[in-house]
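Observations on chain architecture
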Amino acid sequence: MTTVKFDGTPAGKVLVVGGYGAVGAVVTAALAEWFPGLVVPGGRDEVRVRRLGGVRVDVADAEGFAHALDECGDVSVVVLCVEPPDAGIARICLERGIHLVDVGATPRLIDAVADLHDVAVAAGASAVLSVGVAPGLTNLLARRAHEAVGGAERLDLTLLLGSGEQHGGDAVRWTVEGLAEPVTARPRRTGLPGYGTRTAHPFPFSDQHTLPRTLGVPEVTTRLCLDSRPLTAALFAARRTGLLSAARRPGVRRMLTGAFRRVHLGGDGFAIRADARSGDRRAFWALTGRGQGRITGLVAAHVTRELLTGTSPTGVHHIEQLPDLSGVPETLAEHGVVLHASGLPDRSPGR
Ligand SMILES: NC(=O)c1ccc[n+]([C@@H]2O[C@H](COP(=O)([O-])OP(=O)(O)OC[C@H]3O[C@@H](n4cnc5c(N)ncnc54)[C@H](OP(=O)(O)O)[C@@H]3O)[C@@H](O)[C@H]2O)c1
C-alpha cells in the first residue's frame, strides 16, 4: 500500500481512536503538527467528536466502525488508543489494507491481532504492536540488553510509575485488572536511576509474554513499583492477602478504578530498567522520563510517522522487531526522556 505522495506527505488520513483520551490526545496533537489536516480523532462522545472535527466510533461495534471508516474516506492508518473487546477492529483495518498502530497492553488481545499477520500481508498492510512505555520502550530496551550479553538466557524488566500522574481511565482499568491476576514470579530489588533501590513486584505486562517469542529469551519477568514506597508496599500487601482478586468482578473493578484515579500521592516521573543475563554476563539499559501517558502517545506518534513515511514491512510486528524503530528512545530526548545506562557490565546498585 502506498502511503506517501511524491511530495513526501501521506496519501491518506490517520484515524486516532480514543483520540481525545490521555494517550490519544498526545497522538492526535503530535501527528496534527507533522501532518496538518490529515488527523481525525475518534471516540464515542458525539459532542466532543463534533467539536474536534472527528468521527464517532465505538470499538465495541465492529459494523459501526466499518461505516465510520467509510465516512472518513481515505484512511491510511488507524491508531488504537483504547482497548477493543477483540481483534475485530484490527481485522477490518488490515483487510482493507489500512495500517494499524496499537497501544494495547493485554496479551490475549495482542496475540489475537498477531494472528492476523497473513491477512495484513495479503492486503499489503503493516501493524505495529507493543507501542508505548510498557509494552513499548520496555521491549526496545530489552532488545538492547539482550544483544549486549550476546543473547540473554533471562530478562528482568522493571517499571516504576509515578502515582501522582493523572492516568487515563482506560489505563487505570487495565492496571486494576492486572492486580487481580495470579502471581507467579517473586519480587526483586533493583536500582532505578534517580529513585534508588526499589522492590518491584511481578505484574502482567504483555512484554514478558511477547519477548520470549520475538527475541527467543526463555525467561522474562516484568515487575512494577510506584514512586511512592508506602503506596507500593500497601498495594502489593493487599494483593498478597487476596483482597484485590475481587477486582475480577465488574462492580468491584469499577469501584477500584474510580478510587485509584483519585489517589495522587507521588510525582509524574517514571523509570524503566531492562536487565539481561547470560551465564555470568550481565547488562542493562535504563531510562527515565515524565508522564508515561504522554510518552506512550509520543511513541505511538513516532511509530505512525514511520508507517506513513518509511518502508515498514507488511504483516503484524512488535516494535522491537522493526529495526527502523530501534532509535525511538533517542528521539524522545527532546521530551525529557534520558537514557541513564548502556549495555555495560552491570555494577549498578541493587545487586
Ligand atoms: N503501551 C503502554 O505503555 C500504555 C500506556 C498507557 C496506556 N496504554 C493503553 O492506552 C489505552 C488508553 O489509555 P488512556 O490512559 O488514554 O485512557 P483514557 O484517558 O480513558 O482514554 C480512552 C479514550 O478512548 C475513548 N473510548 C473509550 N471507550 C471507547 C470505545 N468503546 N470506542 C471508542 N472509543 C472509546 C474515550 O472517549 P469516550 O469515552 O468519549 O469514547 C477516550 O477518548 C488503554 O488501553 C491503556 O491500557 C498503554
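A word on empty space enclosed by the protein. By the definition in use, this model includes 2 cavities of 30 Å³ or more. Considering only enclosed or pocket space, the largest cavity measures out at about 70 Å³ in volume.

A separate point is the side chain of S206. Along the chain, the position of S206 falls in the loop between strand 9 (196-202) and helix 9 (207-214). Accessibility expressed as a relative area gives 1% for S206, which makes it buried. Each residue touching S206, except ones within four places of it in the same chain, is listed here: A105, P107, I110 and P135.

Looking now at the site of the ligand. In the vicinity of the ligand there are 27 residues, among which Y20, V23, R44, V133 and D170 approach most closely. Contact between the ligand and G21: an oxygen atom at 3.1 Å from a main-chain N or O atom of the residue. Contact between the ligand and A134: an oxygen atom at 2.9 Å from a main-chain N or O atom of the residue. The protein chains hide 87% of the 910 Å² of surface that the ligand would expose on its own.

Attention shifts here to the sheet that holds strand 5 (residues 99-102). Taken together, 7 strands build an open sheet; the order of strands is 3-2-1-4-5-6-13 and the sheet is parallel. Two strands bound the open sheet, and with one partner strand each, they are strand 3 (55-56) and strand 13 (315-318). Pairing between strand 1 (residues 13-17) and strand 2 (residues 39-43): 4 bridges, direction parallel. Note that in strand 2 the partner of L15 across the bridge is V40. Its contacts with the sheet put helix 12 (residues 292-309) on strand 1, strand 4 (75-80), strand 5 and strand 6 (126-129), and the angle it makes with strand 5 is roughly 165 degrees.

So, on to the packing of aromatic side chains. Considering all chains together, one arrives at 3 aromatic pairs under this definition. The interplanar angle of 50 degrees and the centroid separation of 5.3 Å between the aromatic rings of F203 and F205 together place this pair among those described as tilted. By the burial criterion, F203 is buried, and F205 matches it. Taken together, the ring pairs in this structure connect W174, F203 and F205 into an aromatic cluster. The residue whose ring lies beneath R273 is F284, and the NZ or CZ to ring-centre distance is 4.2 Å. Taking NZ or CZ as reference, R305 lies 3.8 Å from the ring centre of W34, over its face.

Let's shift gears to the packing of helix 1 (residues 22-34) against helix 12. Look at helix 1 against helix 12: their axes get within 8 Å of each other, and the N-to-C directions meet at 40 degrees. It follows that helix 1 is oblique to helix 12 by the angle criterion. Between helix 1 and helix 12 lies a crossing of right-handed hand. Taking contact as the criterion, the partners of V23, V26, V27, A30, L31 and W34 in helix 1 are, on helix 12, G293, R294, T296, G297, L298, A300, A301, H302, T304 and R305.

Of the residues in the chain, 89% reach a pLDDT of 70 or more, and the chain-wide mean stands at 90. Predicted confidence for residues 346-351 stays below pLDDT 50, and this span has 17 contacts to residues more than four positions away or in other chains.

Counting 63 residues, the largest nonpolar core has L31, V79, L137, I295 and V299 as its most contacted members. When residues in this core are grouped by element, the largest group, 8 residues, is from helix 12. Among the domains, domain 1 (13-131 + 294-330) and domain 2 (137-292 + 332-345) are the pair contributing at least three residues each to this core. Dropping the residues within four chain positions of it, V79 is found in contact with V14, L15, V16, V17, V27, L31, V101, A300 and T304. By size, the runner-up hydrophobic cluster in this structure holds 30 residues, among which are L15, F65, A90 and L94.

This brings us to helix 7 (residues 137-148). With 12 residues, helix 7 extends 17 Å between its outermost C-alpha atoms, agreeing within 8% with the 16 Å of an ideal straight helix rising 1.5 Å per residue. With 9 of 12 residues buried, helix 7 lies mostly within the body of the structure. Burial in helix 7 covers these residues: L137, T138, N139, L140, L141, A142, R144, A145 and H146. Backbone geometry just after helix 7 places G150 at a positive phi near 75 degrees.

Two numbers describe how helix 3 (residues 62-72) lies on helix 4 (residues 88-95): the axes approach to 9 Å, and their chain directions differ by 35 degrees. The way helix 3 lies across helix 4 gives a crossing that is right-handed. On helix 4, the residues touching A62, F65, A66 and L69 of helix 3 are I89, I92 and C93. In the contact of helix 3 with helix 4, the residues fall into 7 nonpolar, no polar and no charged.

Counted as a void, the second largest pocket has a volume near 330 Å³. Forming the boundary of the second largest pocket are 19 residues, of which E181, P182, F203, P204 and Q208 lie nearest the centre. Mapped onto the lining of the second largest pocket, the elements with two or more residues apiece are helix 8 (169-179) and strand 10 (219-226). Residue classes in the lining of the second largest pocket are distributed as 10 nonpolar, 6 polar and 3 charged.

On to the pattern of salt bridges, then. Going through the model one piece at a time under the given rule, you end up with 15 salt bridges. Across the pair D156 and R188 runs a salt bridge, and its minimum N-O distance is 3.9 Å. One end of the pair, D156, is in strand 7 (residues 154-161); the other, R188, is in strand 8 (residues 188-192), and 32 residues separate them in sequence. Per residue, the accessibility class of D156 equals that of R188, and both read buried. The salt bridge involving D275 is made with R188; its shortest N-O contact spans 3.7 Å. Remark: R188 occurs in strand 8 and D275 occurs in strand 11 (residues 269-278); sequence separation between them is 87 residues. You'll find D275 and R188 in the same group, each marked buried. Among the charged side chains, a salt-bridge network with shared partners connects R154, D156, R188, E219, R223, R273 and D275.

The rules behind the values
- Residues numbered from 1 in each chain as written.
- Predicted model: local features only at pLDDT ≥ 70, side-chain atom pairs only at ≥ 80, totals over all residues.
- Heavy atoms only, no water.
- 1 Å grid on protein atoms, 1.4 Å probe; cavity = no way out; pocket = protein on both sides within 12 Å on 5 of 7 lines; lining within 4 Å.
- Points joined across faces, edges and corners; volume = space filled by probe spheres on them.
- Helix = DSSP H or I, 4+ residues; strand = E, 2+ residues; numbered from the N terminus.
- Buried < 20%, exposed > 50% of the residue type's maximum accessible area, 1.4 Å probe, protein only.
- Contact = heavy atoms within 4.5 Å.
- Near = heavy atom within 4 Å.
- Polar contact = N/O pair within 3.5 Å; in protein donor to acceptor, adjacent residues only side chain to side chain.
- Areas by Shrake-Rupley, 256 points an atom, 1.4 Å probe, with all protein chains shown as cover.
- Pairing = 2+ DSSP bridges.
- Axes fitted to C-alpha atoms, helices over the stretch in contact; angles between N-to-C directions.
- Phe/Tyr/Trp six-rings, centres within 6.5 Å; stacked < 30°, edge-to-face > 60°.
- Lys NZ or Arg CZ within 6 Å of the ring centre and 35° of its normal.
- Parallel < 35°, antiparallel > 145°, perpendicular 65-115°, else oblique.
- Left-handed = near helix turned anticlockwise from the far one by under 90°.
- pLDDT = per-residue confidence, 0-100.
- Core = buried A, V, L, I, M, F, W, Y, C linked by side-chain atoms within 4.5 Å.
- Domains from an automatic or database assignment.
- Expected span 1.5 Å × (residues − 1).
- Nonpolar A, V, L, I, M, F, W, Y, C, P; charged D, E, K, R; others polar.
- Salt bridge = Lys/Arg side-chain N within 4 Å of Asp/Glu carboxyl O.

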